[in-house]
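Structural description and commentary
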Amino acid sequence: MEKQRQHFRVKITFHACRNLVAMATDYDREGRRHYARTMFRKIFYPWSEWTYLNSVGLDRARWPEARKMVVRYNQTAVDAFSKRR
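Below: a short report on this structure.

Each value, and the rule that gives it
Residues numbered from 1 in each chain as written. Predicted model: local features only at pLDDT ≥ 70, side-chain atom pairs only at ≥ 80, totals over all residues. Heavy atoms only, no water. Helix = DSSP H or I, 4+ residues; strand = E, 2+ residues; numbered from the N terminus. Buried < 20%, exposed > 50% of the residue type's maximum accessible area, 1.4 Å probe, protein only. Areas by Shrake-Rupley, 256 points an atom, 1.4 Å probe, with all protein chains shown as cover. Salt bridge = Lys/Arg side-chain N within 4 Å of Asp/Glu carboxyl O. Patch = residues over 30% accessible without salt bridge, like charges linked within 9 Å, V, L, I, M, F, W, Y side chains within 5 Å.

For the protein chain, the helix and strand inventory stands at two helices and zero strands. The burial tally for the protein chain puts 11% of its 85 residues in the buried class. As displayed, the protein chain offers around 7,600 Å² of accessible surface, 59% of which is attributable to carbon and sulfur atoms.

With that settled, the discussion passes to the pattern of salt bridges. This model, assessed by the stated rule, comprises four salt bridges. Ionic pairing is found between Asp26 and Arg29, a salt bridge with its closest N-O pair at 3.1 Å. Of this pair, Asp26 and Arg29 both sit in helix H1 (residues 2-56), three residues apart, roughly one helical turn. When its relative accessible area of 43% is taken as the criterion, Arg29 is described as partly exposed. For the salt bridge of Arg32 with Asp28, the shortest nitrogen-to-oxygen distance reads 2.9 Å. Taken together, the residues span about one helical turn, with Arg32 and Asp28 both in helix H1 at a distance of four residues. Given a relative accessible area of 52%, Arg32 falls into the exposed group. Asp28 sits in the partly exposed class, given a relative accessible area of 41%.

A few words on a nonpolar patch on the surface. A cluster of nonpolar side chains, Phe40, Ile43, Phe44 and Trp47, forms an exposed patch at the surface whose accessible area comes to about 450 Å². Assignment of secondary structure puts Phe44 in helix H1.

Geometry only, nothing functional implied.
So this is what it looks like as structure tokens:
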């Protein structure tokens, strides 16, 4: 009986360690994926919006950077663009 208990303890310990290693690698992978997504979101969403609006015809040279849109010119063109969008 004691031999079976000892075997069971070793088996449980082995499975616990194996599961811990698997969880650690999963969390590490998930952390790297989350970091990459947040970085890409901060970079590419504003940049793609900026390039899209530039290709449509709103002048980006007067705007300092992506998502820093200061409209001080041709309000009629901006209104017409916002109605089309």
